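# Understanding the architecture of this molecule
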Amino acid sequence: MRVLGIESSCDETAAAVYDSGGGLLSNVVSSQVAVHEIYGGVVPELASREHIKSITLTVEKALSDASSGRDNIDGIAVTAGPGLIGSLLVGLSFAKSLSFAWGKPIYGVDHLESHIYAVFLENKVEFPYIALLVSGGHTSLFNVQGWNDARLLGGTLDDAAGEAFDKAAKMMGLGYPGGVVIDRLAAKGDRQRYPFPRARIAASSADFSFSGLKTALRTFLASDEGKSASIEDIAASFQEAIVDVLVKKAFETARRENVLRLVLSGGVSANSRLRELSSSLGEASGIEVLLPSKALCTDNAAMVALLGERRMSEKIFSGPKLNAYAASRFSRG
Ligand code: KG4
Ligand code: ZN
């Protein structure tokens, strides 16, 4: 089975083709970073307009890179939510039109699920595993027991980790997306220089909180010490405070759930320090750590096509009433 995947939940317009036998045949991402950069964050209305401008060319390129078209595409998978509703509707309407015109089935993919299972694009993974999903909109831990069984264990009580990176970069007058800039600057800084606070959430909980850290950074930047501090040291210390909490909580949760396999996913899992610390702790503790390559951590349609192929192979399709949704459908338990 060969599936065309389309993703437009936030600020990347993406399309990819995944084949049951041949694996990933194409993976095209059209980024809107240049459009949102000057605002220091994604502007939803602009994001929808950019998706409209680039979706046709992005899908055409993904199909031509995969030497595919109407005759050999068996189904269309599209991100249905959660995400920015206007952005989602562009991809969804495009996918529905294509499905109707080509007479091919459609499947609406959940964005969080596509991140959680993206690791299968490059690795043979055994269930169960703990997935740490860290992105601009989400910071959650899941116990993933199978292809249709991801249980939400906990998540952020306020800001997502990526949101904390992006807001911090904005406060420091750096570019967008903040995580990428802070990651780059942090490589040249001293991560122990400023001991930014780590939220004290009970070890028995899989929840996170980053709003206190954001406030601490704001206060520090306004202080005399902050005004004369090196930007690299601030970036490294701030990044360390986030990574420290993410890694500690993920490993505690893996032990508590007695699942000794940890998969990182979502844009923030492209972070160099998060990758380094989780890998070294994994080796030291006997917990297997799997990291998708950076391009498959951030938003892409390869993960959408993969999950679509999986579901459609099981004869699971969405009907014509498929619609976009803004909020996460996962609840704890
Ligand atoms: O998964 P993603 O591409 O989109 C969402 O679903 O949100 O994640 C985007 C987030 C942004 O907040 C961005 O700052 C963050 O991922 N990010 C990073 C890095 N690369 C992207 N954060 C830290 N370090 C990075 N290298
Ligand atoms: Zn995402």
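Model, not experiment: these values are computed from the prediction.

Thresholds, definitions, all that
Residues numbered from 1 in each chain as written. Chains lettered and ligands numbered in written order. Predicted model: local features only at pLDDT ≥ 70, side-chain atom pairs only at ≥ 80, totals over all residues. Heavy atoms only, no water. Domains from an automatic or database assignment. Contact = heavy atoms within 4.5 Å. Buried area = accessible area lost by both parts, 1.4 Å probe. Donors = N, O, S within 2.8 Å, 3.2 Å for Na, K, Ca; no water. Helix = DSSP H or I, 4+ residues; strand = E, 2+ residues; numbered from the N terminus. Buried < 20%, exposed > 50% of the residue type's maximum accessible area, 1.4 Å probe, protein only. Expected span 1.5 Å × (residues − 1). Core = buried A, V, L, I, M, F, W, Y, C linked by side-chain atoms within 4.5 Å.

Turning to the domain arrangement of the protein, a few remarks are in order. Here the protein is described as being made up of domain 1 (2-116 + 297-313) and domain 2 (126-291). Placing the centre of domain 1 and that of domain 2 at their C-alpha centroids yields a distance of 27 Å. At the junction of the two partners, domain 1 supplies 18 residues and domain 2 supplies 19 residues. Both faces considered, domain 1 and domain 2 share a buried interface measuring about 1,500 Å² in area, 68% of it formed by carbon and sulfur atoms. Its largest share of buried area at the contact with domain 2, domain 1 owes to Leu112, Ile116 and Cys297, together 39% of the area lost on that side.

This part takes up the coordination of the zinc ion (ligand 2). Around the zinc ion (ligand 2), the protein supplies His111 (NE2), His115 (NE2) and Asp299 (OD) as donor atoms, at distances of 2.1 to 2.2 Å. Between consecutive donors of the zinc ion (ligand 2), the numbers of intervening residues give the motif H-x3-H-x183-D. In this pair, histidine 111 and histidine 115 are both assigned in helix H4 (residues 111-117), four residues apart and thus about one turn of the helix distant. The same class applies to histidine 111 and to histidine 115, which are both buried.

Here we come to helix H9 (residues 231-257). Taking 1.5 Å per residue, 27 residues should reach 39 Å; H9 reaches 39 Å between its end C-alpha atoms and fits that length. The buried fraction of H9 is high, at 20 of 27 residues. Asparagine 258 lies just past H9 and shows a positive phi near 55°.

As a rule of thumb, soluble globular proteins bury nonpolar side chains together. Core analysis: the biggest nonpolar cluster contains 44 residues, and Leu132, Phe196, Phe210, Ile234, Phe238, Ile242 and Leu246 have the highest contact counts within it. Where this core is concerned, the elements lending two or more residues are strand S6 (129-134), helix H5 (161-171), helix H6 (178-186), helix H7 (211-222), H9, strand S9 (261-265) and helix H10 (272-285). Counting residues per element, this core draws most heavily on H9, at 13 residues. Residue contacts for phenylalanine 196: discarding those within four places in its chain leaves Leu213, Ala216, Leu217, Phe220, Ile234, Ser237, Phe238 and Ala241. Leu121, Tyr129, Val144 and Leu296 belong to the second-largest nonpolar core, a separate cluster that totals 35 residues.

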